[in-house]
Amino acid sequence: MATKSLKLPMIICSFLLLVGCSAARKPKALRHRRPCKRLVFYFHDILYNGHNAKNSTSAIVGAPAWGNTIHLTPQNHFGNIVVFDDPITLDNNLHSPRVGRAQGFYLYDKKEVFTSWIGMSFVFNSTRHKGTINFAGADPILSKTRDISVIGGTGDFRMSRGIATLATDAYEGEVYFRLRCDIKLYECCEFAIPLISAPKGVKRKWSCRDGPMDLQVGYPLGLHLGHSSDSKGSSTIACTSMSSAKESEEESWIGRIFYNWAQ
Amino acid sequence: MATKSLKLPMIICSFLLLVGCSAARKPKALRHRRPCKRLVFYFHDILYNGHNAKNSTSAIVGAPAWGNTIHLTPQNHFGNIVVFDDPITLDNNLHSPRVGRAQGFYLYDKKEVFTSWIGMSFVFNSTRHKGTINFAGADPILSKTRDISVIGGTGDFRMSRGIATLATDAYEGEVYFRLRCDIKLYECCEFAIPLISAPKGVKRKWSCRDGPMDLQVGYPLGLHLGHSSDSKGSSTIACTSMSSAKESEEESWIGRIFYNWAQ
Amino acid sequence: MATKSLKLPMIICSFLLLVGCSAARKPKALRHRRPCKRLVFYFHDILYNGHNAKNSTSAIVGAPAWGNTIHLTPQNHFGNIVVFDDPITLDNNLHSPRVGRAQGFYLYDKKEVFTSWIGMSFVFNSTRHKGTINFAGADPILSKTRDISVIGGTGDFRMSRGIATLATDAYEGEVYFRLRCDIKLYECCEFAIPLISAPKGVKRKWSCRDGPMDLQVGYPLGLHLGHSSDSKGSSTIACTSMSSAKESEEESWIGRIFYNWAQ
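Quick caveat, the model's predicted, so the values are computed rather than measured.

Chemist: Before we move on, can you summarise the state of the cysteines with the specific residues and values?
Modeler: All names here are of chain A. The tally for this structure, following the rule as stated, stands at six disulfides over all chains. Between the sulfur of Cys 36 and that of Cys 188 lies a disulfide, 2.1 Å long from S to S. When the S-S torsion is 95 degrees, as for the bridge of Cys 36 with Cys 188, the disulfide is right-handed. A residue pair is termed long-range when its members are at least 10 positions apart, and Cys 36 in the loop between β1 (31-32) and β2 (37-46) and Cys 188 in strand β10 (residues 176-191) qualify at 152 residues. Per residue, the accessibility class of Cys 36 equals that of Cys 188, and both read buried. For Cys 181, which is in no disulfide, the shortest distance to another cysteine sulfur is to Cys 188 and amounts to 15 Å. Residue classification places Cys 181 among the buried positions, given a relative accessible area of 0%.

Chemist: Hey, could you go over the pattern of salt bridges for me, with residue numbers and the actual values?
Modeler: It is possible for side chains bearing opposite charge to pair when their charged atoms get close. Applying the stated criterion to the full structure yields 27 salt bridges over all chains. As a salt-bridge pair, Asp 85 of chain A and Arg 101 of chain A come within 3.1 Å of each other at their nearest N and O atoms. Placement of the pair is Asp 85 of chain A in strand β4 (residues 81-89) and Arg 101 of chain A in strand β5 (residues 100-108), with a sequence separation of 16 residues. A salt bridge links Lys 110 of chain C to Asp 85 of chain B, with the nearest nitrogen and oxygen atoms 3.0 Å apart. Taken as a pair, Lys 110 of chain C in the loop between β5 (100-108) and β6 (116-125) and Asp 85 of chain B in strand β4 (residues 81-89) lie in two separate chains rather than in one. Classification of Asp 85 of chain B by relative accessible area gives buried; the value is 3%. Through salt bridges that share partners, Arg 161 and Glu 187 of chain A, Arg 161 and Glu 187 of chain B together with Arg 161 and Glu 187 of chain C make up one connected network.

Chemist: Could you give an account of the side chain of Asp 109 of chain B, naming the residues involved and the relevant values?
Modeler: Residue position: Asp 109 of chain B is located in the loop between β5 (100-108) and β6 (116-125). No salt bridge forms around the buried Asp 109 of chain B; measuring N to O, its nearest opposite-charge neighbour Lys 110 of chain B is 7.6 Å away. A distance of 3.5 Å separates the side chain of Asp 109 of chain B from the backbone nitrogen of Gly 104 of chain A, its partner in a polar contact. Beyond its immediate chain neighbours, meaning those up to four positions away, Asp 109 of chain B contacts Val 83, Phe 84, Asp 85, Gln 103 and Gly 104 of chain A together with Phe 78, Thr 115, Ser 116 and Trp 117 of chain B.

Chemist: Which residues make up the side chain of Asp 45 of chain B, and what values do they have?
Modeler: Residue and element names in this part refer to chain B. Structurally, Asp 45 is set in strand β2 (residues 37-46). Within the buried set, Asp 45 has no salt-bridge partner at all; the shortest N-O distance to an opposite charge, 9.1 Å, is to Arg 101. Within the structure, Asp 45 has its side chain in polar contact with the side chain of Ser 58 (distance 3.1 Å). Separated by 2.7 Å, the side chains of Asp 45 and Tyr 106 make a polar contact. Beyond its immediate stretch of four places on either side in the chain, Asp 45 contacts Thr 57, Ser 58, Phe 84, Asp 86, Tyr 106, Val 175, Tyr 176 and Phe 177.

Chemist: Give me the lowdown on the nonpolar core, citing residues and values where you can.
Modeler: Core analysis: the largest hydrophobic core is formed by 36 residues, its most contacted members being Ile 81 and Phe 105 of chain A, Ile 81 and Phe 105 of chain B together with Ile 81 and Phe 105 of chain C. When residues no more than four places from it in sequence are discounted, the contact partners of Ile 81 of chain B are Val 61, Ile 81 and Val 83 of chain A, Ala 59, Ile 60, Val 61, Gly 62, Phe 105, Tyr 106 and Leu 107 of chain B together with Ile 81 of chain C.

Chemist: How would you sum up unusual backbone geometry? Please name residues and give values.
Modeler: Of note in the backbone geometry, Asn 76 of chain B takes a positive phi value of approximately 55 degrees without being a glycine. With respect to the element layout, Asn 76 of chain B can be found in the loop between β3 (58-62) and β4. Accessibility expressed as a relative area gives 21% for Asn 76 of chain B, which makes it partly exposed. Located in the positive-phi region is Gln 75 of chain C, a residue other than glycine, with phi close to 55 degrees. For Gln 75 of chain C, the location among the structural elements is in the loop between β3 (58-62) and β4 (81-89).

Chemist: If you had to explain the confidence of the model for chain A to someone new, which residues and values would you point to?
Modeler: Keep in mind that low pLDDT regions are not for reading the predicted coordinates in detail. All names here are of chain A. Chain-level statistics for chain A give a pLDDT mean of 76 and a share of 63% at 70 or above. Note on residues 17-29: pLDDT under 50 across the span, and 44 contacts to partners over four residues away in sequence or across chains. Note that residues 213-263 has pLDDT below 50 and, in this model, 85 contacts with residues that lie over four places away or in other chains. ipTM for the predicted complex: 0.73, alongside a pTM of 0.75.

Chemist: Lay out the pairing of strand β11 (residues 206-209) of chain A with the relevant residues and their values.
Modeler: Residues and elements named next belong to chain A. Burial of β11 is two-sided: the residues Trp 206 and Cys 208 facing one way and the residues Ser 207 and Arg 209 facing the other way are all buried. Of the strand pairs in this sheet, β10 and β11 are connected by four bridges, and their pairing is antiparallel. In the strand pairing of β11, Cys 189 is matched with Cys 208.

Chemist: Give a detailed account of the pairing of β3 of chain B, specifying residues and quantitative values.
Modeler: Residue and element names in this part refer to chain B. Most of β3 is tucked away: five of the five residues are buried. Strand direction decides the pairing type here: β3 and β4, joined by four bridges, are antiparallel. From the neighbouring strand, Ala 59 faces β4, where its bridge partner is Val 83.

Chemist: Tell me about the environment of Ile 151 of chain A, and name the residues and values.
Modeler: Following the sequence through the fold, Ile 151 of chain A ends up in strand β8 (residues 146-155). Along the chain, Ile 151 of chain A and Lys 54 of chain A lie 97 residues apart, while their C-alpha atoms are 32 Å from each other. The residues touching Ile 151 of chain A, leaving out its near neighbours within four places in the chain, are Asn 134, Phe 135, Ala 136 and Ser 160 of chain A, Ala 136, Ile 151 and Arg 161 of chain B together with Ile 151 of chain C.

Chemist: Outline the packing of aromatic side chains, listing residues and values.
Modeler: Tallying each qualifying case throughout the model produces 48 aromatic pairs over all chains. Seen from their ring centres, Trp 206 of chain B and Tyr 186 of chain C are 4.7 Å apart, and the 80 degrees between their planes marks the pair as edge-to-face. In this pair, Trp 206 of chain B is assigned in strand β11 (residues 206-209) and Tyr 186 of chain C in strand β10 (residues 176-191), connecting two distinct chains. Note on Trp 206 of chain B: relative accessible area 5%, which makes it buried. Ring pairing ties together the aromatic residues Phe 41, Phe 43, Phe 122, Phe 124, Phe 135 and Phe 157 of chain A, which thus form one cluster. Over the ring of Phe 78 of chain A we find Lys 111 of chain A; its NZ or CZ atom is 5.7 Å from the centre of that ring. The ring of Trp 206 of chain B carries Arg 158 of chain B above its face, with NZ or CZ at 4.1 Å from the centroid.

Chemist: Any chance you could break down the environment of Ala 65 of chain A for me, citing the residues and the numbers?
Modeler: Summarising the element assignment, Ala 65 of chain A is placed in the loop between β3 (58-62) and β4. Relative accessible area serves as the criterion here: at 28%, Ala 65 of chain A is assigned to the partly exposed category. It is 9.1 Å that separates the C-alpha atoms of Ala 65 of chain A and Gly 79 of chain A, two residues lying 14 residues apart in sequence. Ignoring anything within four residues of it in the chain, the contact list for Ala 65 of chain A reads Tyr 48, Ile 60, Thr 69 and Ile 70 of chain C.

Quick notes on the rules
- Residue positions are counted from 1 within each chain, in the order its sequence is given.
- Starting at A for chains and at 1 for ligands, labels are handed out in the order in which the entities are written.
- Where totals are concerned, whole chains, interfaces and linings use all residues; where local detail is concerned, this predicted model gives features only for residues with pLDDT of at least 70, and gives and counts side-chain atom pairs only at 80 or more.
- Hydrogens and waters are ignored; side-chain quantities use all the structure's heavy atoms.
- By disulfide we mean two sulfur atoms from cysteines, separated by a distance within 2.5 Å.
- Numbering of helices and strands runs from the N terminus; a helix is a DSSP stretch of H or I covering at least four residues, while a strand is a stretch of E covering at least two.
- The buried label goes to any residue with under 20% of its type's maximum accessible area, the exposed label to any with over 50%, and the partly exposed label to all in between, with areas taken from a 1.4 Å probe on protein chains only.
- Salt bridge, as used here, is a side-chain nitrogen of Lys or Arg placed within 4 Å of a carboxyl oxygen of Asp or Glu.
- Positive residues here are Lys and Arg, negative ones are Asp and Glu, while His and the chain termini are left out of the count.
- Pairs of N or O atoms are called polar contacts if they sit within 3.5 Å, as long as, within protein, a hydrogen donor faces a hydrogen acceptor (for residues adjacent in sequence, only side-chain-to-side-chain pairs).
- Any two residues whose heavy atoms approach within 4.5 Å at even a single point are treated as in contact.
- Among buried residues, the Ala, Val, Leu, Ile, Met, Phe, Trp, Tyr and Cys ones that are joined through side-chain atoms within 4.5 Å form a nonpolar core.
- The predictor reports its confidence for every residue as pLDDT, a score running from 0 up to 100.
- Any two strands between which DSSP finds at least two bridges are classified as paired.
- Ring geometry is summarised as follows: Phe, Tyr and Trp rings, the Trp one being its six-membered ring, pair when their centres sit within 6.5 Å, and such pairs are stacked at plane angles under 30 degrees, edge-to-face over 60 and tilted between the two.
- By definition, being over a ring means that NZ of Lys or CZ of Arg is both within 6 Å of the ring centre and within 35 degrees of the ring normal.

Structure (structure tokens):
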């Protein structure tokens, strides 16, 4: 009798341990990644050319021996360093409301073809968001789209990491460039209370997530539950019901992925 | 009899699974973040102005067409790039012992107001610490405090990530700037044996943590333990006792957060 | 009888909870880190000196007031900014096939000794790999080896983080520098289907891991299994067998650490 009553709990426990082990180790092993935040912006670069002192948002500040700081050098501008403070808009209209500034530098680093390297921040200080997103990486301008790294962030974007896809949306000669920047953050941190509405002096708690975490745990758990034909009702249900609770939470996350704002 | 003897284990097992599932998935979902290391430094920038070749620790090396490399340009120094090698001290005294060097560059990137973008490393090579902390980000100089990103580190700070809060502690004209840098690392890696005392040639193991990890797991576990009125003595205690063991370990971490050093 | 039959399950369950708790919290607490990918390259920098316009791969583009952009400045080149587009090879031969380009900038930032700060990308676009690895950090040139940070990546190296060890492999005067770059990635993301073989337009799933994750979970589990003398056969075996399954997977990872490629 005792033997019989022992069997089932033993099986369940073995199964539990199996699930426990795999649940604890899988999240690190295979985390399918989807953005926890996605933001699309345009920024507008008007390069100083000797005649547009008032309108220009950027200027050449470094050049090789065979160049100068007024005209972009020959050989695909190799060696030119440009410092910029470009307005950011939500659409492709230079005259749309500015929601932030793109600030930093880019440099042309190849003689044979246009290609650049960029180090910059998106700086937001609106009623909607406060903080910065920091970028770095190679920007091969002639590619239709190219990716740079989101290497960090502060304020509402503190500790962010991700990928930003740049695309040249339009250009006029060597003076005006409009870039589309599609930011996909895979590591997001958020304050319990947003920065803009938090009372001064109150210490704000914040927390992080990487991706909408659905497949992260749901996938290996589901897999093992499927394998195990020994597991009985109650426990399986307990886990499955949590799983679906998770999924609905996840949907709300996905719903928030396309994320726009107006100042 | 068997039925009766089965009930309690079943309940416990269901509960265990519940805890197991939530424990495995919560750490990713909501990790409240506190620094795993905090360091406060001052660094001192003396800009070359044509007359202080000996004392200066930085120099203008890039300027727009309307500027030069001796004098900061008008329009809030827009376009000036400065390379620096500034001494780091533990207090706000320029003549205090140097515990490291702040090396890199900053550039002024706005015409209407002073603001800069900074890429730099703190380089330590003392008996206390060896390694570098790498920073990047927008630095709106006129803000009382502003945050830049810790984008990486090497040696004792390998693979670090975090936020550094800069504050202008003092300045004299356009020559001397003293910055306070409050570094909060949220991802820390450490060698089992510190770099400075490790024998040469021995391969050093190292490990990482993000934050003092208390709320990370303790919070959801505690929550579920509170909800479940079915769970019986021994197992609950097993977990609680581990929890408190954790907390005391965590305290020792928090105790190490304010972390000073002298060369 | 019921009491007796209850005892063992209770013990097992307590043990399970113990393991469950520790498994869930340990991965964050102490993760011994080994690279998930390791890559060794050489890159070749030929600095423009006024006479080698055709062969040079880099040029001085910034200099302090006492310097110019043709000759490196005295005082250990303090203040010189160099933009480069250097070929990457798999061995130390400048004429070997190029597998990519090292693009970005470095600057000399100390008067008393040669030391630099580097911001660059390795750009790959071969049949073997597509993508970029982004670097930043202090590069004290005279050290036999020195570490900089891998701050991000795109394409096949998307979301990478790690450490790159630079070593000056050879130099000729102030014109030719050959650097060995030993890249250790501790955070790797991979597409299920590699970028180069994926059909166009198909959305590619990708996932991430940090380190070959062996000690990450295996270590604390092993520890607790050792401690617990109460645990009985089946459950222990369940976990151990998974552990060894893990280890063999891990070996295959380690086997892939030394990772070379030819175009």
